[in-house]
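So the chains spell out like this:
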Amino acid sequence: MKSVVGMVVSNKMQKSVVVAVDRLFHHKLYNRYVKRTSKFMAHDEQNQCNIGDRVSLSLSLSPPYYSCCYYYFDCVRLDPSRPLSKRKNWVVAEILKKARIYVPPSVDNAAAATSSTKTKPLAS
């Protein structure tokens with residue numbers, strides 16, 4: 001089976017992630033390419049994946065196939081495995097690209113910046 005690359009959509013479960021995999025196919029009637037999305041559950045032993053990570057799912061028989069990764073998402077490779085549960089048949093092999101996470105400025109830094117810009121009152 002061919003390896004796949006997808007984006008982590010959910011990591012709310014313990015040691016499990018949901019990966020969305022996009023694929024394109026040619027529609028013969030409209031002569032256009034159509035995008036379809038499939039969701040796979042995968043086993044993440046160390047809970048390393050975050051939402052927005054790009055991951056790769058592949059079988060052990062074929063070499064990993066890397067599709068284009070989006071700029072904002074992490075990349076991860078998945079390997080097929082025996083059925084681990086009712087819907088979980090994949091294992092996260094590697095994270096290909098990590099998602100960029102926005103960290104808001106802390107309150108202390110914001111307070112220090114505003115206090116340094118204020119002028120001191122004149123003594124009379």
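Residues numbered from 1 in each chain as written. Predicted model: local features only at pLDDT ≥ 70, side-chain atom pairs only at ≥ 80, totals over all residues. Heavy atoms only, no water.

(A) The arrangement of the side chain of Asp44 in detail. If you trace the backbone, Asp44 turns up in the loop between strand S3 (32-43) and strand S4 (54-57). The side chain of Asp44 sits in the buried core without any salt bridge; Lys98 is the nearest counter-charge, 7.9 Å away. Here Gln48 takes part through its backbone nitrogen, which lies 2.9 Å from a polar atom of the side chain of Asp44. Residues contacting Asp44, with those up to four places away along its chain left out, are Lys15, Ser16, Val17, Cys49 and Val92. (Helix = DSSP H or I, 4+ residues; strand = E, 2+ residues; numbered from the N terminus. Buried < 20%, exposed > 50% of the residue type's maximum accessible area, 1.4 Å probe, protein only. Lys, Arg positive; Asp, Glu negative; His and termini not counted. Salt bridge = Lys/Arg side-chain N within 4 Å of Asp/Glu carboxyl O. Polar contact = N/O pair within 3.5 Å; in protein donor to acceptor, adjacent residues only side chain to side chain. Contact = heavy atoms within 4.5 Å.)

(B) Up close: the pattern of salt bridges. In total, this model carries two salt bridges according to the counting rule given. A salt bridge links Glu45 to Lys15; the shortest N-O distance between them is 3.2 Å. Within this pair, whereas Glu45 is found in the loop between S3 and S4, its partner Lys15 is found in the loop between strand S1 (4-10) and strand S2 (16-27), the two being separated by 30 residues in sequence. The partner of Lys98 in a salt bridge is Asp53, with the nearest N and O atoms 3.4 Å apart. On the criterion of sequence distance, the pair formed by Lys98 in the loop between strand S6 (88-97) and helix H1 (107-117) and Asp53 in the loop between S3 and S4 is long-range, its members being 45 residues apart. The exposure class assigned to Lys98 is partly exposed, which follows from its relative accessible area of 41%. We classify Asp53 as buried; its relative accessible area is 0%.

Geometric descriptors of this kind do not, in isolation, establish any biological role.
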